[in-house]
Structures are given as C-alpha cells and as structure tokens.
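Structural overview for review
Listed here are the chains, written in short residue letters.
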Amino acid sequence: MWFDCAVQHEIVLVGYGFRLEPLSQAHVGALAKIVDQAMWSGMATPTPVGEVGMANYIEDALSAPDVFAFAVIDTINNEVCGSTAYCGVDEAQGRLEIGRTFYDRAQWGRVVNPACKFLLLEYAFETWGMYRTAMRADSRNSRSISAITRLGATYEGTLRGFRLAPDGSRCDSMSFSIVHPDWPVVRDGLLTRIDPLRAVSQMDWDTGFDARRTSAA
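Let us look at the structure shown here.

Cut-offs and rules
Residues numbered from 1 in each chain as written. Predicted model: local features only at pLDDT ≥ 70, side-chain atom pairs only at ≥ 80, totals over all residues. Heavy atoms only, no water. Helix = DSSP H or I, 4+ residues; strand = E, 2+ residues; numbered from the N terminus. Buried < 20%, exposed > 50% of the residue type's maximum accessible area, 1.4 Å probe, protein only. Contact = heavy atoms within 4.5 Å. Areas by Shrake-Rupley, 256 points an atom, 1.4 Å probe, with all protein chains shown as cover. Pairing = 2+ DSSP bridges. Axes fitted to C-alpha atoms, helices over the stretch in contact; angles between N-to-C directions. Phe/Tyr/Trp six-rings, centres within 6.5 Å; stacked < 30°, edge-to-face > 60°. Lys NZ or Arg CZ within 6 Å of the ring centre and 35° of its normal. Right-handed = clockwise from strand over helix to strand, strands pointing away. Arc of directions from axis to C-beta. 1 Å grid on protein atoms, 1.4 Å probe; cavity = no way out; pocket = protein on both sides within 12 Å on 5 of 7 lines; lining within 4 Å. Points joined across faces, edges and corners; volume = space filled by probe spheres on them. Nonpolar A, V, L, I, M, F, W, Y, C, P; charged D, E, K, R; others polar.

Topic: the overall build of the chain
If you tally the helices and strands in the chain, you get five helices and eight strands. Counting from the amino terminus, helix and strand elements in the chain follow one another as β-β-α-α-β-β-β-α-β-α-β-β-α. Here the chain holds 217 residues, and the buried ones make up 47% of them. The contacts in the chain between residues at least 6 apart in sequence include a share of 63% that link residues at least 24 apart. When the accessible surface of the chain is split by element, carbon and sulfur atoms take 52% of a total near 10,700 Å².

Re the sheet that holds strand β8 (residues 170-179)
Sheet architecture is open: eight strands sit in the order β1-β2-β3-β4-β5-β6-β8-β7, paired in mixed fashion. Whereas interior strands pair on both sides, the edge strands pair on one side only; in this sheet they are β1 (13-15) and β7 (154-164). Averaged over all pairs of adjacent strands, the angle between strand axes in this sheet comes to 25°, irrespective of strand direction. With seven bridges connecting them, β7 and β8 associate as antiparallel partners. By the bridge assignment for β8, Arg163 is matched with Cys171. The sheet strands contacting helix α2 (residues 50-63) are β3 (68-74) and β5 (95-103), and the helix crosses β5 at an angle near 170°. In the packing of helix α4 (residues 142-151) onto the sheet, the strands contacted are β6 (132-138) and β8, and the crossing angle to β6 comes to about 155°.

Observations regarding the packing of aromatic side chains
Here the structure, examined in full by the defined rule, presents eleven aromatic pairs. With centroids separated by 5.1 Å and ring planes inclined at 75°, the aromatic side chains of Phe68 and Trp128 adopt a geometry described as edge-to-face. Here Phe68 is found in strand β3, whereas its partner Trp128 is found in the loop between α3 (112-127) and β6, with 60 residues between them in sequence. Among the residues examined, Phe68 registers a relative accessible area of 8% and is labelled buried. Of the aromatic side chains, those joined through ring pairs into one cluster are Phe68, Phe70, Tyr86, Tyr123 and Trp128. The ring of Tyr57 has Arg100 lying over it, and the distance from NZ or CZ to the ring centre is 4.5 Å.

A closer look at the pairing of β5
In this structure, strand β4 (residues 79-90) lies alongside β5, joined through six bridges in antiparallel fashion. Within β5, the residue paired with Ser83 across the bridge is Phe102. In this antiparallel pair of consecutive strands, β4 and β5, the connection spans four residues, and Gly94 shows a positive phi of 65°. As paired elements, β5 and β6 share three bridges and run parallel to each other. Note that in β6 the partner of Glu97 across the bridge is Ala134. Handedness of the β-α-β unit built from β5, α3 and β6 comes out right-handed.

Focus: α4
Listing the buried residues of α4 in full gives Ile145, Ala147, Ile148 and Leu151. Looking down the long axis of α4, one finds its buried residues gathered within 165° of arc, a one-sided arrangement. Just beyond α4, the residue with positive phi is Gly152, at close to 100°.

Comments concerning the layout of surface pockets
A volume near 1,100 Å³ is recorded for the largest pocket. Taken together, 44 residues form the lining of the largest pocket, with Met43, Gly99, Arg100, Thr101 and Arg136 sitting closest to its centre. Listed by contribution, the elements that provide at least two residues to the lining of the largest pocket are α2, β4, β5, α3, β6 and α4. In terms of residue count, the dominant contributor to the lining of the largest pocket is β5 (seven residues). For the lining of the largest pocket, the residue count by class is 19 nonpolar, 13 polar and twelve charged.

What follows is the structure, given as structure tokens:
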C-alpha cells in the first residue's frame, strides 16, 4: 500500500511499564532534553539540536507518508523517555521496518528496548498481519547492532555504501529481519528478557536508584 499523505495514526501500545503513543509536537520539550551529539552518533539524520531541532525532527517524521511514529512513555513515572517508529510501511506487501529509535541514556541497558520492540512486533505480526519486519543499523554503531541481535533478529547482510551519514561520509548499513515464522521463538525470548528486567527496574524506582549515574550498556 502506498500512502500519498502524512500518516496521522491512532495506534497506542501499552505493556511492561511503557506506553507508545502517537508522536506529536507536544513531546518536543521532553525529547529535546534527552538528546545529545554523542548519543545520536550512528543515526541517519543530523542531531536535532534544542527544541527547534527536535520540532523539525518530529515534523519530518509526521510528514513522511509511510512512517507511524511514537513517543515512548515510562508509565511508572509518566515521563517521556524516547521515541520509535514503524517505517517503510507497505501493507499490500506485508512488510515494514522499525527505526527512528532513541532512548534517554538513563534507560540504556534496561528494559525499554526489549519491551518496546515486543509491543511493536506483537502488533505488527498479530494485529496488523505483517509478514516481515526489518531493522537496519549503521555498521559503525555497535550498540545498536548488539541491541538488534539480542532481539533475535536474523542478520541478512551488509548494504555497502547504503546512505550518506549526516557528516557527508558514505556508510554501510547492516540489515536484519524477523519474519512471521520466526515470531513465536522471538516472542518467547523477549518475554524471558522482559520479566526479570522489569522487576529490576521497578525495584530501582522503589528504592530511589538514580539510573542516570550508571554508564550506558
């Protein structure tokens, strides 16, 4: 299916302490506070600097004809802790990508990524009826590559010189996918990871642990 206008979706995904709600300009302030040059390294777009930069980044996502963008809300404290999106959505072919993902440094190495990916994949396969979900990462972005691999996605190959990086250099992208027959095993693996991680996150919150003092994983 080809979309000829911006996507204004109403998908809300909730579970495991997080809510994915439609991204909007109302999230500008919170998202601008969690972005810095170092954490944005390896992303496909220039770093959104300040609220103006983040407003432009969000507008770009909202104006794309095949992007369903979300703000990620931690329901324990009701704070915005990141953003993610379905990209390249083609309902006729039963495929999409998950991308445009970034999280507050305080969430790195914790439950947010497996929890959000579980919600996105569950909806894609079980509600939307998609057959294929893809993910890509800059070949230099070891943190993203490791996170995708831990999800249970299959490495399909490296797309050489796939895109121009924000600094103008030509970079390779590593391609991964999860197809519908993979989903039961991937689903069980994610649930195995989420449950103990959620317990740790809840314990940290209850004891007042400051996750911002830890290093990113």
